[in-house]
Amino acid sequence: MREVIPLAVPNLSGNEGKYLRECIETNFVSSAGPFVEKFEEMVARAAGTACAVAVSSGTTGLHLALHSLGVKAGDLVVLPSFTFIASANAIAHCGAAPWVLDIDPAGWTLDPRLLEKELAGRTRRAGEDLVHTPTGRRVAAVMPVYTLGSPADMQPILELARSYGLPVVADAAAALGASYRKGPLGELADLTVFSFNGNKTITAGGGGMIAGTDEKLLRQVRHLSTQARPGREYHHDQVGFNYRLTNLQAAVGCAQMERLEELVRRKRQIQAAYESAFAGLPGIGLFPKPPWGESACWLAGITVEDPGLPPVKNICERLRDKGIQTRTFWKPVHLQPPYRDAPRSGQPVSEKIWDKVLTLPCSTSLTAEQQGCVIETVSGLLR
Ligand SMILES: *Cc1c(COP(=O)(O)O)cnc(C)c1O
């Protein structure tokens, strides 16, 4: 059988094994252990923040971030429709619901002009609260998503959020290594959440990180992540969570972080090679390159726009038969059964693009020969 070219697999060729052995030899496998703190420091430095709190996943990180900023049962949180389901689920885990807005075609991220229009037209002040007029629910936060590792246009989003008194949580799950207006990501939103799931550029097997510049807020996040226990006794001053990362996971994360620049550079190279191969092919589009930021290029791919070409699902099946693993991409939140009744704007952009996205093999270990084979096979199918 021919070797299969995978979509995106971890690259564990650094110190991962060595650090894992250290965990076993020192008996530090749980969340007490030196790698957890080291991993937090490394991610905080890369994100440009003073501190970061390691958690068990991107999803639990988003939940804890929203909870720590006061999102409660019955609230609404502004969310772009084009995102992974985990962003919406984290809102639902607070007992809140997403207020689903469309994305900007320039970046496939939350559209600030639409946000401005919706906040102006559909909310009113009620004492301290901002209320969504059609549902009477409190609007509690804004959650932009850094789609495919590319930041949202945060300057206008932050200005709007500030003027309405709304905190901002950034779902930066796959964006570690990206930049906004040449600056680091971590100083933009109140809290910025990264994921270290197995298919992200930097993985810890599973895991997440909450980064931010407000040290008092981060202390509260850390406190809540470990059962809200102020001392060593079994005394707990709030309803906390068991959301900490383990030393085993952090050991892998530290080894990966040593290679952050190298791995992100490789991701960008792979995306650039696809861009130059597919640019100008009739009916094929490229992923957006917004002027406000530089993407970490988590997943590479193209859009199949010509209605004369086969649906992306069929293209994936045909490529699978040829030993090339590719995937369709996120179905928007407002089309998912649990969120069918969530309040939302019109969705012309996300509805136009979501089922045209074809993600292509982009593991950092992908060889030039393998990428050449992918390009040739995909081009053959699309002619
Ligand atoms: C991967 C991802 C998540 C979820 O992270 P986990 O660590 O798998 O829980 C959330 N949002 C986005 C945009 C993601 O890409």
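Residues numbered from 1 in each chain as written. Predicted model: local features only at pLDDT ≥ 70, side-chain atom pairs only at ≥ 80, totals over all residues. Heavy atoms only, no water.

Remarks on the overall build of the protein chain
Item 1. A tally of helices and strands in the protein chain yields 12 helices and 16 strands.
Item 2. Each of the three principal axes of the protein chain carries a C-alpha extent, and together these read 65 × 60 × 35 Å.
Item 3. By residue count, 55% of the 383 residues in the protein chain fall in the buried class.
Item 4. In the protein chain, the proportion of contacts linking residues at least 24 apart, taken out of those at least 6 apart, comes to 70%.
Item 5. Carbon and sulfur atoms form 51% of the exposed surface of the protein chain, whose accessible area is close to 16,700 Å².
Item 6. In the protein chain, 40 positive and 38 negative side-chain charges are present, and the distance between their average locations comes to 3 Å. (Helix = DSSP H or I, 4+ residues; strand = E, 2+ residues; numbered from the N terminus. Buried < 20%, exposed > 50% of the residue type's maximum accessible area, 1.4 Å probe, protein only. Contact = heavy atoms within 4.5 Å. Areas by Shrake-Rupley, 256 points an atom, 1.4 Å probe, with all protein chains shown as cover. Lys, Arg positive; Asp, Glu negative; His and termini not counted. Charge placed at Lys NZ, Arg CZ, Asp CG, Glu CD.)

Let's talk about the packing of aromatic side chains
Item 1. Evaluated as defined, the whole model comprises 9 aromatic pairs.
Item 2. Note on Phe329 and Trp330: the rings are 4.3 Å apart at their centroids and 25 degrees apart in plane angle, and the pair reads as stacked. Trp330 shares its class with Phe329; the two are buried.
Item 3. In this structure, Arg229 packs its charged tip against the face of Tyr234, placed 4.8 Å from the ring centre. (Phe/Tyr/Trp six-rings, centres within 6.5 Å; stacked < 30°, edge-to-face > 60°. Lys NZ or Arg CZ within 6 Å of the ring centre and 35° of its normal.)

Quick notes on the side chain of Thr49
Item 1. Within the secondary structure layout, Thr49 lies in the loop between helix H2 (34–47) and strand S1 (51–55).
Item 2. Judged by its relative accessible area of 10%, Thr49 is buried.

Examining the packing of helix H10 (residues 312–321) against helix H12 (residues 368–382)
Item 1. Put simply, H10 and H12 touch, their axes get as near as 11 Å, and they point 135 degrees apart. As judged from the angle between their axes, H10 and H12 are oblique. Handedness of the crossing formed by H10 with H12: right-handed. Residues Ile315, Arg318 and Leu319 of H10 form the contact with H12, whose participating residues are Thr377, Val378, Leu381 and Leu382. (Axes fitted to C-alpha atoms, helices over the stretch in contact; angles between N-to-C directions. Parallel < 35°, antiparallel > 145°, perpendicular 65-115°, else oblique. Left-handed = near helix turned anticlockwise from the far one by under 90°.)

Remarks on the domain arrangement of the protein chain
Item 1. Taken domain by domain, the protein chain consists of domain 1 (16–257) and domain 2 (260–382).
Item 2. Computed from C-alpha coordinates alone, the two centres of domain 1 and domain 2 are separated by 25 Å.
Item 3. Of the residues lining the interface, 49 residues belong to domain 1; the matching set on domain 2 comes to 38 residues.
Item 4. When the two sides are added together, the surface that domain 1 and domain 2 hide from each other amounts to roughly 3,500 Å², 69% of it contributed by carbon and sulfur.
Item 5. On the domain 1 side of the contact with domain 2, Trp108, Leu148 and Thr201 bury the most area, a combined 21% of that side's loss.
Item 6. At the boundary of domain 1 with domain 2, the tally comes to 0 salt bridges.
Item 7. On the surface where domain 1 and domain 2 come into contact, there are 22 residue pairs in polar contact (both at pLDDT 80 or more).
Item 8. Only strand S2 (76–80), helix H4 (85–93), strand S3 (97–101), strand S4 (103–104), helix H5 (112–122), strand S10 (179–180) and helix H8 (247–257) provide two or more residues apiece to the side of domain 1 that touches domain 2. (Domains from an automatic or database assignment. Buried area = accessible area lost by both parts, 1.4 Å probe. Salt bridge = Lys/Arg side-chain N within 4 Å of Asp/Glu carboxyl O. Polar contact = N/O pair within 3.5 Å; in protein donor to acceptor, adjacent residues only side chain to side chain.)

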